[in-house]
Amino acid sequence: MAINKFRKDMLVTALIITIAIFLIGFYLGYLLDNLRIDDASQLLKKSELDSESFEISERFFYLFTKGECSFDRLRLNELGKQLADMGRTLTVYDNKKLTRRQSYNDLKRKYFISELKFYNMNKELDDKCGKKNSIILFFYNVEGNEESLRQGYVLDILGKEYNDLSILSFDKDFDDYSIKSLTSFYGVEKAPTIIINYENKYQGFVSEGELRAVLNENKTN
Amino acid sequence: MFEIYIWIISFVSLYISIFWIIISSRLEKNQSNELKEFPFVTVAVPAWNEEKTIINTVKSLIQLDYPKDKIEIIVVDDGSKDDTSKILKNFLKKEKISYVKVIKQNNTGKAGALNTALKIAKGDYFGVFDADSLASEKSLKLMLPYFSNEKIGAVISPIKVLNPRNTIEKIQRLEYIFSSFIRKLMSNVNTLHITHGVLSLFRTGVIRKLGGFDSKFNRNLTEDFEIALRLRKNDYQILLCEENVNYTKVPNNLKSLWFQRVRWFRGFMVNTLRYKGMVMRKRYGLLGRFQLPLELLTVCVVFISAGFMGYQVIIRLYNFFIKLSILKIHFFDLFKIPTIKQVVLEINFKLFFSFFVVLIAGIYLYIIAHRYVDEKWRFHLVSFIYLFLYPIIRSLQWVHAFILEVLGAKERWR
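1. Describing the overall build of chain A
Across its full length, chain A carries six helices and four strands. Taken from the N to the C terminus, the helices and strands of chain A come in the order α-α-α-β-α-β-α-β-β-α. For chain A, restricting intrachain contacts to residue pairs at least 6 apart in sequence, the fraction spanning at least 24 positions comes to 73%. As displayed, chain A has an accessible area near 11500 Å², and 55% of this comes from carbon and sulfur atoms.

See below:
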């Protein structure tokens, strides 16, 4: 009755099975990372193509209508919202990354560059045709910055409420030349910092009420 | 950091689950040998304020299927403030039972009460039986044949919960089923190191040789665990007799359950530290090199998890309220029902796949544990609480026990 049914190979077998299950988990995770990167790349590619297509058609009309500003503002807003959605997706995927860190960083870089391109295009059109839409640059910090997080919530809700508002978010400390140029141009020293309509700079958390007031004022001007 | 921690936990949990599954796959129901001779047995019942349960407990011992001239029952009333001994004496007088002795003494603690019985015990075997439990008729006949050689120092039985009614009792019912099953597996690989109070049989000579139950060691709250470790330290084996099942009453509210477990966990910490010399020692085989390190690791994991859990809860609640305070009525505007693709892509598979497998392994062990003790298995709300919420409560109990131990809070076994 007191038979010892233990054999050392049971410990080894358990170890082998555990390692095998872990490896399967890693492999599935790797496959999922690939899917995420493919998904984000496709979204980014679509966003870039849409943006390019918009820019080309706008230029075409501008050239062939001898300087008339006949571009579709709604479509421009849509491009801004698309970029914001893309940013959210990328943030979610970025939090899950374990492998392919470089690929994620490249995607983020590409995304920030797309945002900057959009910003430039917006500025160019506003200068040419007179400003009608609002645009916000939001510089945040990813590392445990509560104020950035809170500012993000506020901007999210405003972005949903104001149809003609485009919000472009940038990781203040991201290692890219274009972002560094932007932060140095605007003198961004801390996160969160927001720039409203190219020139109004606010450092630190800005409440929903304050932002609403600024946006409404810009609308009436 | 968090990811590395999750990996370590899931790896260890998975490894242990698979190890137990392998052991359980070789599990066969034992059949006790028939008892040819009837050795003299003493059953000691330490009691403290047990007037409500003592009669039923003693009745179950009287009804044991064992020659009455080969058994003595010693009830030690350890300074009860109620009428435990009076009620019992009246009952014995009325029933004209002479082989049950009742001793009343000042409160010395459970170990002290057991030592009082041990001093006068005539039996070759010494049984420990709590005053809130019920023994099965065949207990002695089934358990005694397990003492097949001199190195077997103690034999215990699986325990079931007596008439579980409310949720707290039903959760403990599952807990006892699972722990009985794990004890069987431990018994099979010779790592069992517990002799509970719901009828543990010891060789009287061995217990006397080892100095009896520990009533002197500072704040020893689990003398049953201590004596088991002492037996193991002295190279005695402990076995589980699966054919016999005894029943016990369990705490019926969270407060009593909480304090019972805190006491057990404090006892575990004190005694494990006291017997730390057995950890990783070749002499103690799988117990020293696998079971005890594993238990220490589990306790460490529980503490770290409680820390992480507390941190996560605070951070998430903080973020939730911040978000709520900023967004106010817009709060729910930000929620969208995710698509299947979003759900799949948001799962951190590398991190949680092994956790998922651990969960399946746990459920599998849970099912076979039920089968093993001939209990019906059903997945209901109580199972859900037991599998998912109860571990959180246990973690907090461990933290409470640790804090009390560090502060040196005084507590007797009752």
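That shown, we press on.
2. Considering the side chain of Thr272(B)
Residue and element names in this part refer to chain B. Residue position: Thr-272 is located in helix α9 (residues 254-274). Assessed through its relative accessible area of 10%, Thr-272 is described here as buried. Once you skip the residues sitting within four places of it in the chain, Thr-272 turns out to touch Phe-225 and Leu-296.

3. Describing the side chain of Ser148(A)
Residues and elements named next belong to chain A. Looking at the element boundaries, Ser-148 is found in helix α4 (residues 146-161). Among the residues examined, Ser-148 registers a relative accessible area of 5% and is labelled buried. Excluding its chain neighbours within four sequence positions, the residues that come into contact with Ser-148 are Phe-138, Tyr-140, Asn-141, Ala-191 and Pro-192.

4. A look at the sheet that holds strand β1 (residues 134-140) of chain A
All names here are of chain A. Across the sheet, which stays open at both edges, the four strands sit in the order β2-β1-β3-β4 with mixed pairing between neighbours. Two strands lie at the open edges of the sheet, namely β2 (165-171) and β4 (200-203), each paired on one side alone. For this sheet the average axis-to-axis angle between neighbouring strands, irrespective of direction, equals 15°. In this structure, strand β3 (residues 193-196) lies alongside β4, joined through four bridges in antiparallel fashion. The residue of β4 that forms the bridge with Ile-195 is Lys-201. The sheet strands contacting helix α3 (residues 101-129) are β1, β2 and β3, and the helix crosses β2 at an angle near 140°.

5. What about the environment of Val12(B)?
When you line up the elements, Val12(B) lands in helix α1 (residues 2-25). Between the C-alpha atom of Val12(B) and that of Ile54(B), which follows or precedes it by 42 residues, the distance is 43 Å.

6. Some details on the domain arrangement of chain A
All names here are of chain A. Each assigned domain of chain A is listed here: domain 1 (10-127) and domain 2 (133-221). Of note, the centres of domain 1 and domain 2, computed from C-alpha atoms alone, are 20 Å apart. Across the contact, 21 residues belong to domain 1 and 24 residues belong to domain 2. Taken together, both faces of the contact between domain 1 and domain 2 bury some 1900 Å²; the carbon and sulfur share is 54%.

7. Considerations on a nonpolar patch on the surface
All names here are of chain B. A cluster of nonpolar side chains, namely Phe-356, Leu-359, Ile-360, Trp-377, Phe-379, Leu-381, Phe-384, Phe-388, Leu-389, Ile-392 and Leu-396, defines an oily patch on the protein surface of about 1000 Å² accessible area. If you list the elements that add at least two residues to the nonpolar patch, you get α12 (349-372) and α13 (381-407). The greatest single-element share of the nonpolar patch, amounting to six residues, is contributed by α13.

8. Side note on the pattern of salt bridges
Residues and elements named next belong to chain B. For the coordinates displayed, the defined rule picks out 24 salt bridges over all chains. The salt bridge partner of Lys-160 is Glu-375, with a shortest N-O separation of 3.1 Å. In this pair, Lys-160 is assigned in strand β7 (residues 159-161) and Glu-375 in the loop between α12 and α13, connecting sequence segments 215 residues apart. A relative accessible area of 12% places Lys-160 in the buried class. Linked by salt bridges that have partners in common, Asp-214, Glu-226, Arg-230 and Arg-274 make up one network.

9. What about helix α3 (residues 84-95) of chain B?
Residues and elements named next belong to chain B. Over its twelve residues, α3 extends 17 Å from the first C-alpha to the last, a length consistent with the 16 Å expected when each residue adds 1.5 Å. Along α3, the positions that sit buried rather than exposed are Thr-84, Ser-85, Leu-88, Phe-91 and Leu-92. Each buried residue of α3 lies within a common arc of 130° when the element is viewed along its axis, so the set occupies one face. Residues Lys-86, Lys-93 and Lys-94 are exposed on α3 and point more than 90 degrees away from its buried face. Check the buried side of α3 and you find it contacts β1 (41-47), α2 (54-62), β2 (71-78) and β3 (100-105). The first or second residue beyond α3 is Lys-96, which carries a positive phi of 55°.

10. Comments concerning the packing of aromatic side chains
Throughout the structure, instances matching the rule amount to 25 aromatic pairs over all chains. Every member of this aromatic cluster is reached through a ring pair, and the members are Phe225(B), Phe265(B), Phe268(B), Phe303(B), Trp398(B) and Phe402(B). Taking the ring centre of Phe205(A) as reference, the NZ or CZ of Arg150(A) above it sits at 4.5 Å. Across from the ring centre of Tyr236(B), 4.2 Å away, lies the NZ or CZ of Lys151(B), which sits over that ring.

Thresholds applied
- Residues numbered from 1 in each chain as written.
- Chains lettered and ligands numbered in written order.
- Predicted model: local features only at pLDDT ≥ 70, side-chain atom pairs only at ≥ 80, totals over all residues.
- Heavy atoms only, no water.
- Helix = DSSP H or I, 4+ residues; strand = E, 2+ residues; numbered from the N terminus.
- Contact = heavy atoms within 4.5 Å.
- Areas by Shrake-Rupley, 256 points an atom, 1.4 Å probe, with all protein chains shown as cover.
- Buried < 20%, exposed > 50% of the residue type's maximum accessible area, 1.4 Å probe, protein only.
- Pairing = 2+ DSSP bridges.
- Axes fitted to C-alpha atoms, helices over the stretch in contact; angles between N-to-C directions.
- Domains from an automatic or database assignment.
- Buried area = accessible area lost by both parts, 1.4 Å probe.
- Patch = residues over 30% accessible without salt bridge, like charges linked within 9 Å, V, L, I, M, F, W, Y side chains within 5 Å.
- Salt bridge = Lys/Arg side-chain N within 4 Å of Asp/Glu carboxyl O.
- Expected span 1.5 Å × (residues − 1).
- Arc of directions from axis to C-beta.
- Phe/Tyr/Trp six-rings, centres within 6.5 Å; stacked < 30°, edge-to-face > 60°.
- Lys NZ or Arg CZ within 6 Å of the ring centre and 35° of its normal.

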